[in-house]
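What follows is the residue order along each chain.
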Amino acid sequence: MKLRFTAYCLCLGSLLPGVVLADAVITGQVALPKRRARAVITQRYEIVAKAGVLSVSPPLAVVYLEGSFSGPSTRPTVQVAQKDLAFQPTLLAIQTGTRVEFPNRDDVYHNIFSYSAPKRFDLGRYRADEKPVPSQVFDVAGLVTLRCDIHEHMRALILVVDTPHFVVTDEDGRFQLKGIPPGNYVVKAWLDSQTVRAQPVKVTDEAELRVDFK
Amino acid sequence: MKDRAQLSSFQPGNFRLKLIVAMMLVVSVITALVLYGVGRRFAAGAEQEFERQFRGELATLRNAQVLRQAALVERTHALVQKSRLHAALEDDALDLLYPSARDELRDIMTSESAAGSDPRPSALRARFFRFLDRNGRMISPGSFLDAGALGPAEEADLALAAAPLEPQVGYLARAGASGGEEMTEVIAMPIVSTETGEVIAALVLGFQPMPVGPAPGTTDIQRGVWLAGRLHLPGLASSGGAELVRRLTEAVANPSESGGKFIVAVRGSLHAVYYNRLNAGSSYPPAYEVCVYSFDGLLAQQRRLRWQVIGAGGVLLLIGLGTSRFLAGWLSRPVEEMAVDSAENREQRVRAEAALESAGEELQRAARFSADASHQLKTPLAVLRAGLEELQVRSDLTPEVRHELSVLLHQTYRLSSVIEDLLLLSRMDAGQLKLNFGAVDLSQLIEAALDDLGAQPEADGLTIEQDLPPGLGVLGDKHYTSIILQNLLENARKYNRPGGRIRIAAWRDGDRVLLVVGNAGRSITPSAQTHIFERFHRGSIGENIPGYGLGLNLARELARLHGGDLRLVGSDNGWTEFEVRFSAAPSAPVTAKESP
């Protein structure tokens, strides 16, 4: 812990001039897999697994910046709610150490659990009036599959990344990462559980940088 | 002689015996036929009933088995939907697979400690569970102990070539708790990914042993399982079931064989064997349910039935024989009587014929004798009479001599009369008398006879009473009817007392005419009355009365020849009465066509 803190401080010191400089913005587009026929009535995201590969349908990607960052040690608490027997949102990206709350907004019991290696937990059964709202802190980077023990079809993904700079693309794959200090980074695009694309970038004073994933 | 032989060969008892034998034969044949038919029908009915019962029990067992399998498949199918199993398999958390499964399968697994007190039906309880991966390989529980103990060989038996697309049923022979062999039913249920429909694994559940041996709720069914070339059926497979095993091996040689039936002898008694594939279409080795039904029950039933039928047959036969004996006796009695009668008749006839023959010969000899004698007597008598009459007309005779001649002459007349009567009798005896039947006026004949009687000197002083309807006709020969009358009137005159009375009465009585002639005089003694109709009989009263004892006999013979009779009505108190019966003339009285 001490070692990590020292390294952290060193990084912070070396990057300090960049921080002083104006933050850059990275925009771009991830070429998403061809989506299946669009649902006419309700657009819903769901997790699909094909040949052991988990992805989101309609396709979405998570773009995040790998590198060394200094920043506030506090993380905002985010929520993955259960509404209409589905997780909302279906795909969540968080920084390591983030606490995620799982409020139940249905009239029935839910039982959220995960057998995924980065975070195994089981919240047990609870209803909407459960106080405090059950939550978990995700400390290890990786992909976590959320399931409900009661409703076998409910599924959600949480991508835990070890960086404060991450974003979920829109349906067309467009994204924008703001406040990037100058430096050499690797921009990664997570497409599914087996596909992560990477592009090295050098962030300078330029106000805007474009990175596309073909 | 021939008749005699036939007579002796016919025995009434023989006839009855034959009749009884024939009727008994018929009764026996009918009884046998009826019993045969009834027996066949009963036997067929019993067999059908047996078959029906057996099939019913079999169907019940099979239905129970099918229901049980369906229930197990259903439960297993529900289990493989569980999120945690999917999570463990899909989210790369195999280490959590068996612990999660233990939690999810808690309801279906047998708790070893609570096995005795668990009220839930044990047939639907699982003994162990395992998972196969998508390639059909066993996912070993490793050090996890709550999945139920299985040997390495048994785990190898549970593996498949690939995770199945459909539920697979298999059977596993395991060493049971009691030391014997137990049959475990195994269901391999595919676990299908909810997203893609891919089979990602399979859950294998081993259920409580299916009962082997006598099936509960049935009578004679032994139930076992044929698996991998072995018959698991305690009691039958080990001892004396070699032929059964051989037949089964042949029957299930074809892996797609679904079931069938055959009959085999086990330990000397017949058994029906029904085999039925338990896990049709399964990737596991084929297993057959083998139901062995002993025919002992049926055979015992049939034996019982046969004895009952034989008993009933015996009773029926006895009744039939008794009835036929009674009937034979009843039927043969009149025949026997007839036969006895006819035999007696025949004997009597033969005797009578023989007697008649000898009597006829005697009669003929007598008749010939009397005819000859009469004829030989007539000639000298005529010569004698002629000589006497010639002497009488001579003038030189003294009155004494003349009187003597007259007496002698009278005697020749008497002798002639006797000879005439004898001649007539002998002709009658020889049956040579010819009667010319016709209607005769009896009244007229009586008048004529009375006239003749009145001419006799001895009739003086006699009173004659007549009670005759005029023109009374009888059927007869006029000449001989006249002789009857003359004889009777002659007797009435001769045996009368001086100045006595003669009464003659005649009347028609139906188709008969009765004539009664009565006279006064000494009565005939009862002892004499029986002899008065014999030839040459003369009563003691007639010692000094001329006569020779032929008259009454002659009259009676003649009356009988006419179909009538002559009898003594009575003789007492100085009154004697005779009665003659004639046949009445068929038509109205006719006057005689010829004079007497």
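A brief structural summary. (Residues numbered from 1 in each chain as written. Chains lettered and ligands numbered in written order. Predicted model: local features only at pLDDT ≥ 70, side-chain atom pairs only at ≥ 80, totals over all residues. Heavy atoms only, no water.)

## Quick notes on the overall build of chain B
No. 1: In terms of regular secondary structure, chain B is built from 12 helices and 18 strands.
No. 2: Burial analysis of chain B (596 residues in total) assigns 40% to the buried set.
No. 3: Summarising the internal contacts of chain B: among those between residues at least 6 apart in sequence, 65% fall at separations of at least 24. (Helix = DSSP H or I, 4+ residues; strand = E, 2+ residues; numbered from the N terminus. Buried < 20%, exposed > 50% of the residue type's maximum accessible area, 1.4 Å probe, protein only. Contact = heavy atoms within 4.5 Å.)

## Things to note about a nonpolar patch on the surface
No. 1: On the surface, a cluster of nonpolar side chains totalling about 420 Å² of accessible area is made up of B:V26, B:I30, B:V34, B:V38 and B:F42.
No. 2: Examined against the element boundaries, B:V34 turns out to sit in helix α2 (residues 12-79). (Patch = residues over 30% accessible without salt bridge, like charges linked within 9 Å, V, L, I, M, F, W, Y side chains within 5 Å. Areas by Shrake-Rupley, 256 points an atom, 1.4 Å probe, with all protein chains shown as cover. Salt bridge = Lys/Arg side-chain N within 4 Å of Asp/Glu carboxyl O.)

## Details of the sheet that holds strand β4 (residues 181-192) of chain B
All names here are of chain B.
No. 1: The strand order across the open sheet formed by five strands is β2-β1-β5-β4-β3, and the pairing between neighbours is antiparallel. The open sheet is flanked by β2 (138-139) and β3 (168-175), the only strands paired with a single partner.
No. 2: Across two bridges, strand β1 (residues 126-133) lies against β2 in antiparallel orientation. Across the sheet, L132 pairs through a bridge with M138, a residue of β2. (Pairing = 2+ DSSP bridges.)

## Brief notes about the packing of aromatic side chains
No. 1: Here the structure, examined in full by the defined rule, presents nine aromatic pairs over all chains.
No. 2: Sitting over the face of the ring of A:F113, B:R84 holds its NZ or CZ atom 4.6 Å from the ring centroid.
No. 3: A cation over a ring is seen here: B:R277 above B:Y288, with NZ or CZ 6.0 Å from the ring centre. (Phe/Tyr/Trp six-rings, centres within 6.5 Å; stacked < 30°, edge-to-face > 60°. Lys NZ or Arg CZ within 6 Å of the ring centre and 35° of its normal.)

## Focus: the sheet that holds strand β12 (residues 135-138) of chain A
Residues and elements named next belong to chain A.
No. 1: If you trace the three strands from one edge of the open sheet to the other, you get β5-β9-β12, paired in mixed fashion. Edge positions in the sheet fall to β5 (78-79) and β12, since each has one partner strand and no second.
No. 2: The sheet contact formed by strand β9 (residues 98-101) and β12 spans four bridges and is antiparallel. The partner of T98 across the bridge, within β12, is F138.

## Some points on the side chain of A:D192
All names here are of chain A.
No. 1: Relative to the helices and strands, D192 is located in strand β17 (residues 183-192).
No. 2: Buried and unpaired, D192 has no salt bridge, with R197 as the nearest side chain of opposite charge at 7.7 Å.
No. 3: Here the side chain of D192 touches Q194 through a polar contact of 2.7 Å, landing on its backbone nitrogen.
No. 4: Of note is the side chain of D192, whose polar atom sits 2.8 Å from the backbone nitrogen of T195.
No. 5: With near-sequence residues (within four places) excluded, D192 lies in contact with V53, L54 and S55. (Lys, Arg positive; Asp, Glu negative; His and termini not counted. Polar contact = N/O pair within 3.5 Å; in protein donor to acceptor, adjacent residues only side chain to side chain.)

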